[in-house]
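This is what each chain is made of:
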Amino acid sequence: MQILLLYFFLCLNISPGNISNLDSSDSELEAALIAYYSSIPLRESPYPRWRGLVRMNAKQAQNRNHYRFFYDDQFRLIRITFQLGETLKEPNHTANYFFTTPEIRFAYQDNLEIRTFYDRFGNPSTQRGAYREVYMMDEMGKYQSLHFENEKFEKIETTWGIAKYQWDLEPNGAVIERRFKLNGEPQALRPSFEFYTIRLNYEENGFLALMQNINEQGQLIENNSGVAQDKLHFDQDGLWYGWTVLDAQNQIKRGNGPNVARGINVPNKWGYETSIRYEGEKGETVKNTYGFWGSLRFYDAFGNYDFTQFIGKDGQPGIHEKAGYSIAQYLWSADGLRREQVRLLDKNKQPVLHKSRGYAGFKIEYDKHGRRIKTTYLNLEGKAENRLDNGVAYIEYEYDANNRLIDSKDFDRDGKLLKR
């Protein structure tokens, strides 16, 4: 049996380890197993248990952005990090709504699972305003509810206005999810997504197949955009290929935030988005509500954004009509750890100003500890420029002895301190 278990873990690219880890009580744990992944699944709810996408080995992880999953000897997660080699990083394009810090730590007590968040220096941090997430499980280990706490362990609402998630399982395996404010008032799925009580239907492989907006009787109801259902398209391995939205009569419908009927995504072998385009009810090419028809994305050898190219209705190079640029180019440090500049370009690869913000890009400066110390917004000549929307030309950042950000100040191009 031990030989079979070892073979199983080797097939998963999970390696034995002896990594000390601090849980939410700052006590040390040892990781018995470590797994490496290039990405994590898209998700619409915090209900599913964590899993990775596209397995990697330890050698690959030394030179590519990745997630590390640390397990104890009961194969329970005790830590997830996002990093390049041995250095923790801020989550990038591969992250989802529920992974917003470089590290999540897990602790278990009776029927509770407690998650806490940390920055890349090991300092306690927050996710969407919450210091701790506390999951309650039933006797079978299935999640029943989730609430959020601050540093004093007081229950709070997140920046989405959610204080509690509640889950109920239907006989067919579907999950009913409800969200509430502190006063018990129902809350939407997230800002600008007006689904309230939802039914989550999962594929056999555990990936979300269909999310339905329902009333208390379990009947489909449409939101203000006429949408009642959001169908997600994953392959067997969890790579995401897009979505389709439906009304309460199971008819394809343009709606929700992007105001499209279908989004068609093409992932690469690492699980990264390489292109996306949109369709209407009849399969016609449409532009989303944000101002573009689609985009192509390219990556460097580390898995960082290299550049994004917006496309037009015909699939050829186009522009983001509300922002006014065609290409966003990303420049990184030689080791792939720090994004140092973003340039906005037109279809001829010439600098162009953002329509509403008034800059042609920005550059970021770091100190010897890799901390961002200055962000400067640039004009067409590459010089500091006041933004159109807030007048800021550059921002300076200040840290304490533990590398925690304690202050930031805004200045115009003449060096005048601006009030916030």
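Higher on the page you've got the structure.
Residues numbered from 1 in each chain as written. Predicted model: local features only at pLDDT ≥ 70, side-chain atom pairs only at ≥ 80, totals over all residues. Heavy atoms only, no water.

Q: How should I be thinking about the overall build of the protein in this particular structure?
A: On a plain count of helices and strands, the protein comes out with two helices and 29 strands. For a compact globule of 420 residues, the expected C-alpha radius of gyration is about 22 Å, and the protein comes in at 23 Å, within 12% of that figure. Once the C-alpha set of the protein is aligned to its principal axes, its extents read approximately 65 × 55 × 45 Å. Counting only residues that meet the buried cut, the protein has 50% of its 420 residues in that class. (Helix = DSSP H or I, 4+ residues; strand = E, 2+ residues; numbered from the N terminus. Rg over C-alpha atoms; globule rule 2.2 N^0.38 Å. Buried < 20%, exposed > 50% of the residue type's maximum accessible area, 1.4 Å probe, protein only.)

Q: Hey, could you run me through the layout of surface pockets in this one?
A: One water molecule sets the probe size; rolling that probe over the atoms shows where empty space is left. By volume, the second largest pocket amounts to about 600 Å³. For the second largest pocket, the lining is made up of 28 residues, of which Tyr47, Pro48, Arg49, Trp50 and Tyr143 are closest to its centre. The element contributing the most residues to the lining of the second largest pocket is strand β8 (residues 112-118), with three residues. (1 Å grid on protein atoms, 1.4 Å probe; cavity = no way out; pocket = protein on both sides within 12 Å on 5 of 7 lines; lining within 4 Å. Points joined across faces, edges and corners; volume = space filled by probe spheres on them.)

Q: Looking at this model, I keep getting lost on the nonpolar core. Mind explaining?
A: A general trend in soluble globular proteins is that nonpolar side chains are found buried together. Counting 75 residues, the largest nonpolar core has Trp50 and Phe69 as its most contacted members. Top element by residues in this core is strand β2 (residues 28-39). It accounts for six residues. Residues within four places of Trp50 in sequence aside, it is in contact with Ile40, Arg43, Phe69, Leu77, Ile80, Asn96, Phe98, Phe99, Ile104, Phe106 and Arg115. (Core = buried A, V, L, I, M, F, W, Y, C linked by side-chain atoms within 4.5 Å. Contact = heavy atoms within 4.5 Å.)

Q: Just to check I follow, could you spell out empty space enclosed by the protein for this structure?
A: Summed over the entire model, instances satisfying the criterion amount to two cavities of 30 Å³ or more. For the largest cavity, the calculated volume is near 70 Å³. Taken together, Pro46, Phe98, Gln127, Arg128, Glu133, Leu146, Phe148, Thr158, Trp160, Ile162 and Tyr165 form the lining of the largest cavity. Its residues placed into classes, the lining of the largest cavity shows seven nonpolar, two polar and two charged. There is about 30 Å³ of room inside the second largest cavity. Residue lining of the second largest cavity: Arg43, Pro46, Trp50, Phe98, Arg115, Gln127, Glu133 and Tyr135, and that is the complete set. Taken together, the residues that form the lining of the second largest cavity break down as four nonpolar, one polar and three charged. (Nonpolar A, V, L, I, M, F, W, Y, C, P; charged D, E, K, R; others polar.)

Q: I tried to follow the packing of aromatic side chains on my own but got confused; where do I start?
A: The geometry of an aromatic ring pair is captured by two quantities: the separation of the ring centres and the angle between the planes. What the rule picks out here adds up to 31 aromatic pairs. Relative to Phe153, the ring of Tyr131 lies with its centre 6.5 Å away and its plane at 45°, an arrangement referred to as tilted. Taken as a pair, Tyr131 in the loop between β9 (124-125) and β10 (132-137) and Phe153 in the loop between β11 (143-149) and β12 (155-156) lie far apart in primary sequence, 22 residues in all. When the ring of Tyr394 is compared with that of Phe411, the centres are 5.0 Å apart and the planes differ by 15°; the resulting orientation is stacked. With Tyr394 in strand β27 (residues 394-399) and Phe411 in strand β28 (residues 405-411), this residue pair connects regions lying 17 residues apart in the sequence. Note on Phe411: relative accessible area 12%, which makes it buried. Following the ring pairs from residue to residue traces out a cluster consisting of Tyr47, Tyr135, Tyr143, Phe148, Tyr165 and Trp167. The ring of Phe70 has Arg79 lying over it, and the distance from NZ or CZ to the ring centre is 4.7 Å. (Phe/Tyr/Trp six-rings, centres within 6.5 Å; stacked < 30°, edge-to-face > 60°. Lys NZ or Arg CZ within 6 Å of the ring centre and 35° of its normal.)

Q: Looking at this structure, I do not really get the pairing of strand β7 (residues 103-109). What am I missing?
A: Note on strand geometry: in a regular strand, side chains alternate between the two faces of the sheet. Summarising burial for β7: five of the seven residues are buried, a large majority. Pairing between strand β5 (residues 77-84) and β7: three bridges, direction antiparallel. Paired with Thr81 across the strands is Glu103, a residue of β7. The antiparallel hairpin formed by β7 and β8 contains two residues in its connecting segment, where Asp110 sits at a positive phi of about 55°. (Pairing = 2+ DSSP bridges.)

Q: When you look at the side chain of Glu113 in this model, what are you seeing that I'm missing?
A: On the secondary structure map, Glu113 appears in strand β8. In this structure Glu113 comes out as buried when scored by relative accessible area, which is 2%. A polar atom in the side chain of Glu113 sits 2.9 Å from the side chain of Tyr143. Beyond its immediate stretch of four places on either side in the chain, Glu113 contacts Arg49, Phe106, Ala107, Tyr108, Glu133, Val134, Tyr135, Met137 and Tyr143. (Polar contact = N/O pair within 3.5 Å; in protein donor to acceptor, adjacent residues only side chain to side chain.)

Q: What is the right way to look at the environment of Gln144 in this model?
A: Looking at the secondary structure, you find Gln144 in strand β11. In this structure Gln144 comes out as partly exposed when scored by relative accessible area, which is 34%. On a C-alpha basis, the gap between Gln144 and Ile252 in space is 32 Å, while along the polypeptide they are 108 residues apart. Discounting chain neighbours no more than four positions away, the residues touching Gln144 are Met136, Met137, Asp138, Tyr165, Gln166 and Trp167.

Q: I tried to follow unusual backbone geometry on my own but got confused; where do I start?
A: A negative phi angle characterises most non-glycine residues, just as the trans form characterises most peptide bonds. Here Phe75, not a glycine, exhibits a phi torsion of approximately 60°, which is positive. Position of Phe75 among the secondary structure elements: in the loop between β4 (65-71) and β5. Phi at Asp110 is positive, roughly 55°, even though this residue is not glycine. Mapped onto the secondary structure, Asp110 falls in the loop between β7 and β8.

Q: Is there a simple way to think about the pattern of salt bridges in this case?
A: Two side chains with opposite charge may pair up if their charged atoms get near one another. Evaluated as defined, the whole model comprises 24 salt bridges. The partner of Glu149 in a salt bridge is Arg132, and the shortest N-O contact between them spans 2.8 Å. Here Arg132 lies in strand β10 and Glu149 lies in strand β11, a separation of 17 residues in the sequence. Given a relative accessible area of 14%, Arg132 falls into the buried group. A single network of salt bridges, built from pairs that share partners, joins Arg49, Glu113 and Arg115. (Salt bridge = Lys/Arg side-chain N within 4 Å of Asp/Glu carboxyl O.)

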